[in-house]
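# Observations on the three-dimensional arrangement
Spelled out, the chains give:
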Amino acid sequence: MKKYAVLFLYLIFLASCSSYDDFGLASTQFVFSEQKWELVQMSGSFQNSETTGEEMEWQEYYIFSPEGTFLKSRTIDGLIFEATGSFEVIEYDDDANHYLELTFETGKELAGNCTGDAKELLMYRTSTMISSLWMACDGPGLDYSLSKN
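Everything in this summary refers to the structure shown in the same document. (Residues numbered from 1 in each chain as written. Predicted model: local features only at pLDDT ≥ 70, side-chain atom pairs only at ≥ 80, totals over all residues. Heavy atoms only, no water.)

## Here's the deal with the packing of aromatic side chains
- In the structure shown here, the tally under the stated rule is seven aromatic pairs.
- With centroids separated by 4.9 Å and ring planes inclined at 65°, the aromatic side chains of Tyr 62 and Tyr 144 adopt a geometry described as edge-to-face. Here Tyr 62 is found in strand E3 (residues 59–64), whereas its partner Tyr 144 is found in strand E9 (residues 141–148), with 82 residues between them in sequence.
- Residue classification places Tyr 144 among the buried positions, given a relative accessible area of 0%.
- For the ring pair Phe 70 and Phe 104, a centre distance of 5.0 Å and an interplane angle of 75° mean the geometry is edge-to-face. Placement of the pair is Phe 70 in strand E4 (residues 69–76) and Phe 104 in strand E6 (residues 98–106), with a sequence separation of 34 residues.
- Here a set of aromatic residues connected by ring pairs shows up, and it is made of Tyr 62, Phe 64, Phe 70, Phe 87, Phe 104 and Tyr 144.
- One residue, Lys 36, lies across the ring of Tyr 61, its end atom 4.3 Å from the ring centre.
- Cation over ring: Arg 74 sits above Trp 58, and NZ or CZ is 4.2 Å from the ring centre. (Phe/Tyr/Trp six-rings, centres within 6.5 Å; stacked < 30°, edge-to-face > 60°. Helix = DSSP H or I, 4+ residues; strand = E, 2+ residues; numbered from the N terminus. Buried < 20%, exposed > 50% of the residue type's maximum accessible area, 1.4 Å probe, protein only. Lys NZ or Arg CZ within 6 Å of the ring centre and 35° of its normal.)

Set out below in structure tokens:
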């Protein structure tokens with residue numbers, strides 16, 4: 001009987017040590033539904049340079065599928081440009097934020113990044129807002145809102 005009690009306490013200890021996802025962004029979230037994220041705000045490096053809606057330089061959205069793929073669509077002056085690829089939800093040590101790392105297979109010119117490669121990194125601000133990290137190297141600040149879950 002003591003063996004079972006020790007085993008029970010050990011299991012409780014292990015469960016208490018597991019990380020709690022208080023941000024509500026477990027990577028399994030994508031398993032259950034397709035998600036569409038629409039560009040809602042662009043900003044530059046100058047203060048008060050934010051634009052929204054039709055005043056933005058382009059309109060853009062991402063669709064993330066349960067299979068781990070994405071579609072990125074950008075409309076500029078009526079022309080539509082698209083990119084596709086795969087993504088994964090990632091975390092970094094000593095960083096409480098959650099990220100989406102996109103790897104472009106087509107439309108690599110739409111990848112907004114600091115390295116010029118076929119990857120893009122988006123950071124969750126909240127469970128309904130993500131932001132591009134392109135602004136870290138003088139790219140535009142791009143904020144996306146969850147429009148379809």
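Okay, back to it.
## A look at the environment of Leu 102
- Locating Leu 102 in the fold gives a position in strand E6.
- Overall, Leu 102 belongs to the buried group, its relative accessible area being 0%.
- With residues near it in sequence (within four places) discarded, Leu 102 still touches Tyr 62, Phe 64, Phe 70, Ser 86, Phe 87, Ala 118, Lys 119, Glu 120 and Leu 122. (Contact = heavy atoms within 4.5 Å.)

## Here's the deal with the state of the cysteines
- Using the criterion set out here, one finds one disulfide in the structure.
- Here Cys 114 pairs with Cys 137 through a disulfide, and the sulfurs are 2.2 Å apart. The S-S bond linking Cys 114 to Cys 137 shows a torsion near -95°; that makes this disulfide left-handed. With Cys 114 in the loop between E6 and strand E7 (119–126) and Cys 137 in the loop between strand E8 (129–132) and E9, this residue pair connects regions lying 23 residues apart in the sequence. (Disulfide = S-S within 2.5 Å.)

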